[in-house]
Amino acid sequence: MSTAILEAEAPPAVTVTPTAPARHTRGHGLTRSVGRLVRRSAAVVLFLLLWEYGTQYLLDPARKVFLPPLHEVLRAWWGLAESGQLQQHVAASLTRSAVGFSLAVVAGIALGLVVAWYDGLREFLTPLLEAFRNTAALALLPVFVLLLGIGETSKISIVAYASFFPVLLNTIAGVRTVDPLLVRAARSLGLGSLALFQKVVLPSAVPTIFTGVRMAGTSSILVLIAAEMVGAKAGLGYLIVNAQSSFQIPDMYAGILTVSVFGLLVNTVLVRLERHFSRWRVAAAAR
Amino acid sequence: MSAHIELRGVSKEFALRPTRDQPQARTLVALEDVSLEVPRGEFLTLVGPSGSGKTTLLDLLGGLSRPSRGSVLVDGEEVTGPGLDRGIVFQQYALFPWRTTLANVTFGLEQQGLGRRERVERARENLALVGLEGFEDRYPHELSGGMKQRVAIARSLAYQPGILLMDEPFAALDAQTREQLQDELLRIWRATGTTVVFITHGIEEAVYLGQRVAVLSSRPGRLKALVDIDLGDRAATTDLRSDPRFVHYRHEVWELLHDEVRRAQDAGHLKIQPDGTERAA
């Protein structure tokens, strides 16, 4: 889960003069980045080629219907996009995950800060939170449907529920693991409890909190798609299941492809955010 | 000269949590009946074997803990908590890693309620004082150990405390950087006239820096001796450390400390952790 953190390069330690790290010449840098791009995308390209040609030449013809080559899937995807159906499904899914995710982030951080700050409350709540966290969110999907119906409310709720725990637990962990030396230093500077929290505890917890936010983003999509498969009138999960049951196999793959791109995009944005907020910690750990 | 800092019969006891090796809860006397006066503007160094309560004493002066008996006075007033009239420099720098060099130095100033422009100006001045001009926008992880400790010193100097408390500030640095910072500290001390209490386990460092060296005994920490250091005109001697007077003082302090160190080792003294357990120092 922490590959993003490890990948970030630590800036070089400065020893003598405050000069910026030397930049590569433009031509040289271009070659390098092209080379890196090729290395990084090789596996994906190979996979897509296997999909395209393997399905046509290696697969037993009876199975070909269930696994059409890539170009057919892309054609179906284009068809869905042209008719506007795809956008509609994406919009439905995006709205649900965004609303649920935002609710979870706000609630998770707020509750996490409170729980972490008050020892008694933490002791009291931890066993219950552990129990909830270790219950797969999807196992509770029937409960959500029974209580909240099959409309938007239940779907947003289960997304919020699934995203809530990573944020909450990481917020608690972030606040708990603040370096005691920094607290001592801040106290010696005469900071009271509130200022200590605001100026030392919170900033030092931010990277850990954002790791939780990123994990929450991943699980929000995961749970949403599953929820849409069970009962919905729109959304990417619905698109996939509906295409399957009406035997429009290329459409189904178009839906799956969209989910994977959607997930990748969300994750990329969140990893960027996390990295931005963790810059100081990344390098501090690599010291 | 009036005493800037005064310790009157200060004792400090800790309740040690029971552990597997020591199933019985015990009280540990870290400091016993320490009385000491530090005049305004003095550079006092404090040496003692591990477990002699050096850090405990510094915590008491900093107001981070209260004495079990006796009292700690600064400017004739009893110390009841931390305050901006005393600055602490820790061995492990304790810089806020998410703040730039400049923002680390302004941290204490924010507590004073200074305006933004004045804070930045004061921080820049103090960074210049410790020789870190041009590093204002660096983050701590981009700095070497010696530079980090310079930032920490600048942070403490910035809010102009009358007293600078230093807890083995140069112990984690390499020998060359240490000597360099020792000289800079002396320069800064002369320039600012701050009262300095400097804890170290290095005898040479204690003699080199201090006007007086206070020697603590092994646990329970008592004040064993106070040695006045008179090295004459420092500027006149190029290699102070090989000056006969320096060698003499170093030997004197070494003799005082020698037995205490052995006693501490025989007793296997450990450092008391904040959670009330003991661990190797």
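The structure this text deals with has already been given above.
A brief report on the enclosed structure follows. Quantities reported herein were computed from a predicted structural model and do not represent experimental measurements.

Conventions we followed
Residues numbered from 1 in each chain as written. Chains lettered and ligands numbered in written order. Predicted model: local features only at pLDDT ≥ 70, side-chain atom pairs only at ≥ 80, totals over all residues. Heavy atoms only, no water. Helix = DSSP H or I, 4+ residues; strand = E, 2+ residues; numbered from the N terminus. Rg over C-alpha atoms; globule rule 2.2 N^0.38 Å. Buried < 20%, exposed > 50% of the residue type's maximum accessible area, 1.4 Å probe, protein only. Pairing = 2+ DSSP bridges. Contact = heavy atoms within 4.5 Å. Axes fitted to C-alpha atoms, helices over the stretch in contact; angles between N-to-C directions. Phe/Tyr/Trp six-rings, centres within 6.5 Å; stacked < 30°, edge-to-face > 60°. Buried area = accessible area lost by both parts, 1.4 Å probe. Salt bridge = Lys/Arg side-chain N within 4 Å of Asp/Glu carboxyl O. Polar contact = N/O pair within 3.5 Å; in protein donor to acceptor, adjacent residues only side chain to side chain. 1 Å grid on protein atoms, 1.4 Å probe; cavity = no way out; pocket = protein on both sides within 12 Å on 5 of 7 lines; lining within 4 Å. Points joined across faces, edges and corners; volume = space filled by probe spheres on them. Nonpolar A, V, L, I, M, F, W, Y, C, P; charged D, E, K, R; others polar. Left-handed = near helix turned anticlockwise from the far one by under 90°. Expected span 1.5 Å × (residues − 1).

Along its length, chain B carries 7 helices and 12 strands. Its C-alpha atoms give chain B a radius of gyration of 19 Å, near enough to 19 Å, the size a compact globule of 281 residues would have. In terms of principal-axis extent, the alpha carbons of chain B reach across some 55 × 45 × 40 Å. Within the span of chain B, comprising 281 residues, buried residues form 54% of the whole.

As a further point, take the sheet that holds strand 5 (residues 77–78) of chain B. Residues and elements named next belong to chain B. The 4 strands are arranged 2-1-4-5 in an open sheet whose pairing can be described as antiparallel. Of all strands in the sheet, those with a lone pairing partner are strand 2 (26–39) and strand 5, marking the two edges. Where strand 1 (residues 3–16) meets strand 4 (residues 69–74), 5 bridges bridge the pair, whose relative direction is antiparallel. Bridge assignment links E6 to a residue of strand 4, and that residue is L73. Contacts between helix 1 (residues 54–62) and the sheet are confined to strand 1, strand 2 and strand 4, with strand 1 contributing the most and set at about 120 degrees to the helix.

Residue and element names in this part refer to chain A. Counted by the stated rule, this structure contains 17 aromatic pairs over all chains. Summarising the aromatic geometry, the rings of F47 and W51 are spaced 6.3 Å apart at their centres and angled 50 degrees between planes, so their arrangement reads as tilted. A residue pair is termed a helical-turn pair when its members lie 3 or 4 positions apart in one helix, as F47 and W51 do in helix 2 (residues 26–57) at 4 residues. Among the residues examined, F47 registers a relative accessible area of 51% and is labelled exposed. On the accessibility criterion, W51 (12% relative accessible area) is buried. Ring plane angle 20 degrees and centroid distance 4.3 Å describe the contact between F210 and F277, whose orientation is recorded as stacked. Of this pair, F210 sits in helix 10 (residues 193–230) while F277 sits in helix 12 (residues 249–285), and the two are 67 residues apart along the sequence. Taking relative accessible area as the criterion, F277 reaches 31% and is therefore assigned partly exposed.

Take the interface of chain B and chain A next. The partner chain A presents 27 residues to the 31 residues of chain B that form the contact. In this assembly, chain B packs against chain A so that about 2600 Å² is buried in total across both faces, 66% of it on carbon and sulfur atoms. Taking the shortest distance from any N to any O, the salt bridge between E110(B) and K199(A) comes out at 2.8 Å. Taken together, the connections running from chain B to chain A amount to 4 residue pairs in polar contact (both at pLDDT 80 or more).

Turning to the environment of L7(B), a few remarks are in order. Residue and element names in this part refer to chain B. Relative to the helices and strands, L7 is located in strand 1. A C-alpha to C-alpha distance of 5.0 Å links L7 and L36, two positions 29 residues apart in sequence. Contacts of L7, omitting those with residues within four sequence positions, involve V34, S35, L36, L57, L61, S71 and V72.

The next point concerns empty space enclosed by the protein. Residues and elements named next belong to chain B. For the structure on display, the rule yields 3 cavities of 30 Å³ or more. Computed from the structure, the largest cavity encloses a volume of approximately 50 Å³. Lining the largest cavity we find I5, L7, L36, V38, L44, L46, L57, L61 and V197. Going through the elements one at a time, strand 1, strand 2, strand 3 (43–47) and helix 1 are the ones with two or more residues in the lining of the largest cavity. A per-class count over the lining of the largest cavity returns 9 nonpolar, no polar and no charged.

The next thing to look at is the packing of helix 5 (residues 85–117) of chain A against helix 8 (residues 152–176) of chain A. Two quantities define a packed helix pair, namely the angle between the axes and the distance from one axis to the other. All names here are of chain A. Their axes nearest at 6 Å, the elements helix 5 and helix 8 cross at an angle of 35 degrees. For helix 5 against helix 8, the interelement crossing comes out right-handed. For the contact of helix 5 with helix 8, the per-class residue count stands at 20 nonpolar, 6 polar and 4 charged.

A separate point is helix 8 of chain A. Spanning 25 residues, helix 8 of chain A covers 36 Å between terminal C-alpha atoms, matching the ideal 36 Å at 1.5 Å per step. With 20 of 25 residues buried, helix 8 of chain A is to be regarded as a mostly interior element.

This part is about the pattern of salt bridges. Residue and element names in this part refer to chain A. Taken as a whole and assessed by the stated rule, the structure comprises 20 salt bridges over all chains. Of the charged contacts, one joins R122 and D119 as a salt bridge, the two residues approaching to 2.7 Å between their closest N and O atoms. On the criterion of helical spacing, the pair formed by R122 and D119 is a turn pair, its members being 3 residues apart in helix 6 (residues 119–133). The network of salt bridges with shared partners includes R96, E152 and E228.

All names here are of chain B. Despite not being glycine, D75 shows a phi value in the positive range, around 55 degrees. Relative to the helices and strands, D75 resides in the loop between strand 4 and strand 5. The backbone of Y93 shows a phi angle near 65 degrees, a positive value even though the residue is not glycine. Looking at where Y93 falls in the secondary structure, it is placed in the loop between strand 6 (86–89) and helix 2 (101–112). Residue class for Y93 comes out buried when judged on its relative accessible area of 11%.

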